[in-house]
Amino acid sequence: MTMTKLSANLSYDGDMGLFRDGALVNFVPRYFKEIVPVLRKPDAMPADTVVYRMYRDTTLPNDAKTLEKHSLRYDITIIPPMVVGDEYLKTLGHYHPKAKSSFYPELYEVISGKALYLLQKTADESYTKVREALAVVAEAGDMVMMPPGYGHITVNIGDTPLVMSNAVEAKFKSVYQPYIDHKGAVYYVLADGKNFKFLPNASYGNNVPLGVVKSNFKKLFKITKPLYDEMVADPVKFECLVDTDKYNIPLGSLFSPV
Ligand SMILES: [Fe+2]
């Protein structure tokens, strides 16, 4: 087994395992039965199959105080390459709750593999009518901000495991129910040979065009190091994730059309 060194003294085994000092790091498994409500083909595999792993709060003990002081959390998620029915394997999907003036944002980083982040904004908190949908394709080293109010799913559109990290406010609880109620995101991402294609999800009352964009986040925030190293070195840079009054990034500078 070849191990790859990651930030925070973590090693990755190339499959679904993250290790530190030779020991497997604690993780939360996501079972197939939990994502069944958001799938097009809910009978694609046995209910107890672990479809992805969430390694939560993988901060080094030495750095924990720094991130805690700034109310930040760092997690890693590993999603294997898999087609489920006719869809690429995806996360359940969720929105974030409201903080002060706005909703909590979140920053993702692709460590290895190829991700498609599907973002959607609803007209109000009943989460029924979607008024905007964005697809962001990201590869190793890319960082993608989920702006306040945008629900999101992650899709592994590559042929290797998708290893990604996220930086987020430490304490809030995600809101999953709107995705369960609507059988997934506003679009399904289907496997199409080695490519992918989008299929509108008829469970939503309206059809909204999908903007395909790329992320400008790293340039915008002058990021030169992996996310973990940036957070530990300069947590103030990420304060808009926690204090939403300080979030002031126009959508047009965050993303560009491709
Ligand atoms: Fe999130």
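Residues numbered from 1 in each chain as written. Predicted model: local features only at pLDDT ≥ 70, side-chain atom pairs only at ≥ 80, totals over all residues.

**Focus: the sheet that holds strand E4 (residues 23–24)**
Part 1: With antiparallel pairing, four strands are arranged side by side in an open sheet as E1-E2-E3-E4. Strand pairing shows two members of the sheet lacking a second neighbour, strand E1 (4–6) and E4, which therefore form its edges.
Part 2: Direction of pairing for E1 relative to strand E2 (residues 10–12): antiparallel, over a ladder of three bridges. Following the sheet pairing, Thr4 is matched in E2 by Tyr12. (Pairing = 2+ DSSP bridges. Helix = DSSP H or I, 4+ residues; strand = E, 2+ residues; numbered from the N terminus.)

**Overview of the pairing of strand E15 (residues 162–169)**
Part 1: Of all the eight residues making up E15, eight are buried; the element is thus mostly covered by neighbouring parts of the structure.
Part 2: Pairing analysis gives eight bridges linking strand E7 (residues 72–79) to E15, with the strands arranged antiparallel. Residue Ile79 lies in a different strand from E15, and its bridge partner there is Leu162.
Part 3: Where strand E10 (residues 106–112) meets E15, five bridges bridge the pair, whose relative direction is antiparallel. Along E15, the bridge assignment pairs Glu109 with Ser165. (Buried ≥ 20, exposed ≤ 12 C-beta atoms within 10 Å, placed from the backbone.)

**A few points about the environment of Val28**
Part 1: The residue Val28 is located in strand E5 (residues 28–31) in this model.
Part 2: With residues near it in sequence (within four places) discarded, Val28 still touches Met54 and Arg56. (Contact = placed C-beta atoms within 7 Å.)

**Overview of unusual backbone geometry**
Part 1: Residues other than glycine seldom take positive phi values, yet Asp57 does so here, at roughly 55°.
Part 2: Here Ser71, not a glycine, exhibits a phi torsion of approximately 55°, which is positive.
Part 3: Checked against the element boundaries, Ser71 lands in the loop between helix H2 (61–69) and E7.

**Points about the nonpolar core**
Part 1: The biggest cluster of nonpolar side chains holds 67 residues, and the ones touching the most others in it are Tyr117, Leu118, Ala167 and Met231.
Part 2: When residues in this core are grouped by element, the largest group, six residues, is from strand E12 (residues 130–139).
Part 3: Those residues in contact with Met231 that lie beyond four places of it in its chain are Leu67, Leu72, Tyr74, Ala167 and Phe238. (Core = buried A, V, L, I, M, F, W, Y, C linked by C-beta atoms within 7 Å.)

**Points about the environment of Gly113**
Part 1: Locating Gly113 in the fold gives a position in the loop between E10 and strand E11 (114–122).
Part 2: Put simply, Gly113 and Ala138 are 25 residues apart on the chain and 8.7 Å apart in space, counted from C-alpha to C-alpha.

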